[in-house]
Structure formats: structure tokens, C-alpha cells
Amino acid sequence: QVHVVESGGGLVQAGGSLRLSCTASGRTFSDYTMGWFRQAPGKEREFVGVITWSSLPNYAESAKGRFTISRDNAKNTVYLQMRSLKPEDTAVYFCAAATPPRYKYDYWGQGTEVTVSS
């Protein structure tokens with residue numbers, strides 16, 4: 001069982017920045033692929049970005065150029081650095097762990113809320 005916890009959400013003005021953190025339990029965190037997702041009010045959850053076990057990032061079009069995902073395996077932590085935030089980035093942000101051998105997003109955090117004011 002992997003326990004995932006997000007933190008760092010809050011209220012920020014449009015154009016501002018925010019960094020979310022996500023920690024996941026387990027001895028083999030370096031083998032996890034970690035994904036970020038978000039769900040805005042009244043909308044379905046959507047993919048934001050991912051960082052693979054080999055530290056290769058990939059982003060949704062809405063995140064490219066503004067968001068950066070990184071990881072610190074020594075701290076069992078992955079980060080989502082968000083810049084140039086827009087009101088439409090307002091959502092609950094979730095982190096999920098995909099573990100070997102299936103690499104499916106089986107473990108999810110409770111989410112952290114981000115509100116971007118205009």
C-alpha cells in the first residue's frame with residue numbers, strides 16, 4: 001500500500017506562482033511514476049502532467065510552458081511548480097502514484113485546493 005499526500009495549495013492572484021508538493025510512502029519511490037491531475041468545480045478530473053520513474057516529464061497542453069514537475073527521490077517527493085497562474089487553473093489538484101509492475105495510477109492523494117483570483 002502506498003500513501004500519497006499533497007500539500008501547498010492556497011489562494012493566489014492571477015499571474016502568480018505556487019508550488020505543490022506530493023509525498024508518497026514506500027521504499028521504492030524512485031521506481032514510481034507520479035502524475036498530477038486536477039478537477040475544477042463542475043468538471044471532470046483532467047491530466048496535468050507526469051514525471052516518470054526515470055525523471056522524464058510530460059505535460060498537458062494547458063500546462064506546457066507554465067508548469068514544471070520535478071522529483072526528489074531522497075525525500076519521496078514530487079513537485080508541481082506552477083507559474084503565470086490563471087483563474088481557469090482553479091481546481092483541486094491531485095497527485096497519484098503508478099507503481100511497478102503495472103504502472104497504473106492505483107494510489108491517490110486527497111487533493112489540495114488551488115484558487116486563482118482574477
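Sequence order sets the numbering: in each chain, residues are counted from 1 along the sequence as written. In view of the model being predicted, local features appear only for residues whose pLDDT reaches at least 70, and side-chain atom pairs are presented and counted only at 80 or more, with totals across whole chains, interfaces and linings using the full set of residues. Neither water nor hydrogens contribute to the side-chain values; these are computed over all heavy atoms in the structure.

### Here we look at the environment of T115
Part 1 of the argument: A run of H or I in DSSP becomes a helix once it reaches four residues, and a run of E becomes a strand once it reaches two; helices and strands are each numbered from the N terminus. Along the chain, T115 turns up in strand β11 (residues 112-117).
Part 2 of the argument: Look at T115 and you get partly exposed, because its relative accessible area is 29%.
Part 3 of the argument: Sequence separation of T115 and V92 is 23 residues, and the distance between their C-alpha atoms is 8.5 Å.
Part 4 of the argument: Whether two residues touch is decided by their heavy atoms; if any such pair falls within 4.5 Å, the residues are in contact. Setting aside anything within four residues of it in sequence, one finds T115 in contact with G10, L11, V12 and T90. Exposure classes here rest on a 1.4 Å probe applied to the protein chains alone. A residue is buried below 20% of its type maximum, exposed above 50%, and partly exposed in between.

### Considering the side chain of R38
Part 1 of the argument: Mapped onto the fold, R38 is located in strand β4 (residues 33-39).
Part 2 of the argument: Any pair of N or O atoms that falls within 3.5 Å is considered a polar contact. Within protein, one atom must be able to donate a hydrogen and the other to accept it, and sequence-neighbouring residues count only if both atoms are side-chain atoms. Within the structure, the side chain of R38 is placed 2.9 Å from the side chain of D89, a separation counted as a polar contact.
Part 3 of the argument: Separated by 2.9 Å, the side chains of R38 and Y93 make a polar contact.
Part 4 of the argument: Setting aside residues no more than four positions away along its own chain, R38 makes contact with E44, R45, E46, V48, S62, F67, E88, D89, A91, V92 and Y93.

### Here's the deal with the packing of aromatic side chains
Part 1 of the argument: Whether two aromatic rings pair depends on their centres lying within 6.5 Å, for rings of Phe, Tyr and Trp, where Trp uses its six-membered ring; planes under 30 degrees apart make the pair stacked, over 60 edge-to-face, and the rest tilted. Per the stated rule, a full pass over the model turns up five aromatic pairs.
Part 2 of the argument: Judged by centre distance (4.8 Å) and plane angle (50 degrees), the ring pair of F37 and W108 falls under tilted. Linking F37 in strand β4 with W108 in strand β10 (residues 105-108), this pair joins segments that are 71 residues apart in sequence.
Part 3 of the argument: Given a relative accessible area of 29%, W108 falls into the partly exposed group.
Part 4 of the argument: Through pairs of rings, three or more aromatic residues link up here, namely F37, F47, Y105 and W108.
Part 5 of the argument: Note on geometry: a ring has a charge over it if NZ (lysine) or CZ (arginine) is within 6 Å of the ring centre and within 35 degrees of the ring normal. Across the ring face of W108, the terminal group of R45 is positioned such that the distance to the ring centre comes to 3.9 Å.

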